Amino acid sequence: MTSEKKDTPEVSLRKIPAKEQNIEVLSIPGLSVNLRQAGDILELTANGALRAACNPILKMINSRLREEKLALVEENRVIASAWLPPIPSPAFKRLIFAEIQIALGKYIPETVSIELTRQSNSRCQPGTVADELDTSTVKRIIDEALEFGTLIISFTENDPLLREEVFELIKYVDKKRAIVNCSTWGTDFSRETASRLKEAGLHSLMIGIYSTDPGKHDAVRKSEGAYERAVSAIKLALEAGLMVVMTTHASPSNIHELPALYNLASELGVHEFSVWEAMPKTRNEPVLTGKNRRDILEMYHRINASPDGPRMFANTYFEGQMLGAMEGRRWMHITADGDVKAGPYPPFSFGNIKEESLKDAWQKIRSYTYFKKQKSLAPMHDPEFMEFVDRIPVGAKLPYPFEKVCDK
């Protein structure tokens, strides 16, 4: 496998101007948060009666700013990770406010991920796929999410860029309230596509590559030429000035490929290499071991301690050690059919957005004892949650109503 390195934006940590600055990040009754910049030092500080509630998240963010390279550094802002709003920004203020509410016991879906289409291999004309959420319904979801405090809108699953309205929907999101991420397989990606995404205000483009062997990647995608299309999409997106993330799912079968995948991400010049743990569908499927996770964490800390190459994101760290399991706690997911889930992976529904509000669906998720517990494992890796999965009748339509397998 070979890959030409293109002229792309510098992704290693650049120095912040030496003059010390204090930038106001958040100011509400009882709390002020400032960003201090001095040389290459970035630090968030808090004052006021709510400081104690705010300190845990500031401590975690400061640790990342101090110990790890950043995804992107610009003159007036830094982006620690593509999965977080820029610092400073109005959306980052909302992150701090949301974390204060969570610290006080009021959990908010900081991330709402939305499936726009079931398509993955060919572009369809608007409105030609039955039962997918119409544009007005997706806009209502966005409006309700922003009103609820959501600060990350993610268009995900299959290939959202195969739905023509995706550009209109990205533009529709109020960027002062939330960042917008979008995934793609690179199925039908062109310079025009990249330009339209940039114009619409996309925060970051997520492009999945599962092996440096084109044949293996194509097999995962079940589409010949998928690897070359994904690599081409990365190059075109970078040329357009988009922040680009190369994503992969780590499983027992490809865990040994992570170093090579990171080298590919470095050669291509992406801003971040994002590793998510692959999720089983049943209890009998192979899953990552404790040693696998330790290896991922060692790679994560080693790479992010070096100034060279792109930043690495790993949900093994972000969820496992930093914030805990996100699904049903800080994250909710809407399928192309409108089913509301705690996240993309658990096979359970908590209602349908066509019939109820986002807030009511979130409150339903939060009413279950399981989601009130703090967990370091994602639900589909958690033996306690897999007991609910085991109760789904054979052949049942998914996602399955959670109330049929779990009492409150």
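Residues numbered from 1 in each chain as written. Predicted model: local features only at pLDDT ≥ 70, side-chain atom pairs only at ≥ 80, totals over all residues. Heavy atoms only, no water.

Chemist: What is the right way to look at helix H6 (residues 214–221) in this model?
Modeler: Of all the residues in H6, the buried ones are His217, Asp218 and Arg221. Each buried residue of H6 sits inside an arc of 100° when the element is viewed along its axis, so together they form one side. If you follow the buried residues of H6, they end up packed against strand E9 (204–208) and helix H7 (226–239). Positioned one or two residues after H6, Lys222 has a phi angle of 55°, which is positive. (Buried < 20%, exposed > 50% of the residue type's maximum accessible area, 1.4 Å probe, protein only. Helix = DSSP H or I, 4+ residues; strand = E, 2+ residues; numbered from the N terminus. Arc of directions from axis to C-beta. Contact = heavy atoms within 4.5 Å.)

Chemist: Please clarify how the pairing of strand E11 (residues 272–277) should be interpreted in this entry.
Modeler: Two faces belong to every sheet, and in a regular strand the side chains alternate between them. A large share of E11 lies buried, amounting to 6 of its 6 residues. The alternating pattern of E11 places Glu272, Ser274 and Trp276 on one face and Phe273, Val275 and Glu277 on the opposite face, and all of these are buried. Here strand E10 (residues 244–250) runs beside E11; their pairing, made up of 6 bridges, is parallel. Within E11, the position partnered with Thr248 by the bridge is Val275. What joins E10 to E11 is helix H8 (residues 258–268), and the crossover it makes is right-handed. (Pairing = 2+ DSSP bridges. Right-handed = clockwise from strand over helix to strand, strands pointing away.)

Chemist: What is the right way to look at unusual backbone geometry in this model?
Modeler: Residues apart from glycine generally show negative phi values, whereas peptide bonds are mostly found in trans. Between Ile87 and Pro88 the backbone carries a cis peptide bond, its omega angle lying at -10°. Note that Pro88 resides in the loop between strand E5 (78–79) and helix H2 (90–103). Between Leu398 and the following residue, Pro399, the backbone shows a cis peptide bond with an omega angle of 0°. Looking at the element boundaries, Pro399 is found in the loop between helix H13 (383–390) and strand E16 (400–401). Not every positive phi belongs to a glycine, and Glu157 is a case in point at roughly 70°. Following the sequence through the fold, Glu157 ends up in the loop between strand E7 (152–156) and helix H4 (166–172). Phi angles above zero are rare outside glycine, and Lys222 is one such case at about 55°.

Chemist: So what exactly am I meant to see when it comes to the confidence of the model for the protein here?
Modeler: Do not read the fine detail of predicted coordinates wherever pLDDT is low. On average, residues of the protein carry a pLDDT of 90, and 92% of them reach 70 or more. Confidence drops under pLDDT 50 across residues 1–18; counting only partners more than four residues distant or on other chains, this segment forms 46 contacts. (pLDDT = per-residue confidence, 0-100.)

Chemist: Where do I start with the pattern of salt bridges in this structure?
Modeler: Pairing of side chains with opposite charge becomes possible as their charged atoms draw close. Applying the stated criterion to the full structure yields 22 salt bridges. Residues Glu67 and Arg66 are paired through a salt bridge, measuring 3.8 Å at the closest nitrogen-oxygen approach. Residue Glu67 is classed as partly exposed on the basis of its relative accessible area, which comes to 44%. Look at Arg66 and you get exposed, because its relative accessible area is 60%. Between Arg311 and Glu272 there is a salt bridge, and its shortest N-O distance comes to 2.9 Å. Of the two residues, Arg311 is situated in strand E12 (residues 311–314) and Glu272 in strand E11; the sequence distance between them amounts to 39 residues. Note on accessibility: Arg311 and Glu272 belong to one class, buried. Look at the salt bridges and you will find they share partners, linking Lys373, Lys375, Asp382 and Glu384 into a network. (Salt bridge = Lys/Arg side-chain N within 4 Å of Asp/Glu carboxyl O.)

Chemist: I keep staring at empty space enclosed by the protein and nothing clicks. Help me out?
Modeler: Where empty space is left becomes clear once a probe the size of a water molecule has been rolled over the atoms. Across all of its chains, the model carries 2 cavities of 30 Å³ or more by this definition. Of the pockets and cavities examined, the largest cavity occupies roughly 110 Å³. Sorting the residues of the lining of the largest cavity by element identifies helix H1 (51–67), E12 and helix H10 (315–323) as the ones contributing at least two each. Along the lines of polarity and charge, the residues of the lining of the largest cavity split into 9 nonpolar, 1 polar and 2 charged. (1 Å grid on protein atoms, 1.4 Å probe; cavity = no way out; pocket = protein on both sides within 12 Å on 5 of 7 lines; lining within 4 Å. Points joined across faces, edges and corners; volume = space filled by probe spheres on them. Nonpolar A, V, L, I, M, F, W, Y, C, P; charged D, E, K, R; others polar.)

Chemist: How should the pairing of strand E3 (residues 41–47) be read in this particular structure?
Modeler: The two faces of E3 differ: Leu42, Leu44 and Ala46 on one face are buried, but Ile41, Glu43, Thr45 and Asn47 on the other face are not. Bridging between strand E2 (residues 31–38) and E3 involves 7 bridges; their strand directions are antiparallel. Bridge pairing links Leu35 to Leu44 in E3.

Chemist: Please explain the packing of H1 against H2 as it appears in this structure.
Modeler: Helix-helix packing is characterised by the crossing angle of the two axes and by the distance between the axes. Where H1 contacts H2, the two axes come as close as 8 Å, and the packing angle between them is 125°. On the basis of their axis angle, the class for H1 and H2 is oblique. Judged by the sense of rotation from one axis to the other, the crossing of H1 with H2 is right-handed. Residue-level inspection shows Ala53, Cys54, Ile57, Leu58 and Ile61 of H1 in contact with H2, the latter providing Phe92, Leu95, Ile96, Glu99, Ile100 and Ala103. For the contact of H1 with H2, the class distribution of residues is 10 nonpolar, no polar and 1 charged. (Axes fitted to C-alpha atoms, helices over the stretch in contact; angles between N-to-C directions. Parallel < 35°, antiparallel > 145°, perpendicular 65-115°, else oblique. Left-handed = near helix turned anticlockwise from the far one by under 90°.)

Chemist: Explain the sheet that holds E9 to me, please; I cannot follow it from the model alone.
Modeler: Note on sheets: strands pair through backbone hydrogen bonds, and any given pair is parallel or antiparallel. Judged by pairing direction, the sheet is mixed, and its 9 strands sit side by side in the order E12-E11-E10-E9-E8-E7-E6-E13-E14 without closing on themselves. Unpaired on one side and paired on the other, E12 and strand E14 (340–341) mark the two borders of the sheet. Inspection of the sheet shows strand E6 (residues 111–115) paired to strand E13 (residues 331–334) by 4 bridges, in the parallel sense. Paired with Val112 across the strands is Met332, a residue of E13. Across the sheet, H8 touches E10 and E11, and the angle it forms with E10 is around 170°. Running over the sheet, helix H9 (residues 290–305) touches E10, E11 and E12 and is turned about 150° from E12.

Chemist: Explain the sheet that holds E2 here, please?
Modeler: With antiparallel pairing, the 3 strands of this open sheet are ordered in space as E1-E2-E3. Bordering the open sheet on either side are strand E1 (21–28) and E3, each of which pairs with just one other strand. Direction aside, the axes of adjacent strands within the sheet are offset by 20° on average. Those strands touched by H1 are E2 and E3, and its axis lies near 175° from that of E3. Across the sheet, H2 lies against E1, E2 and E3, angled at about 50° from E1, the strand it touches most.

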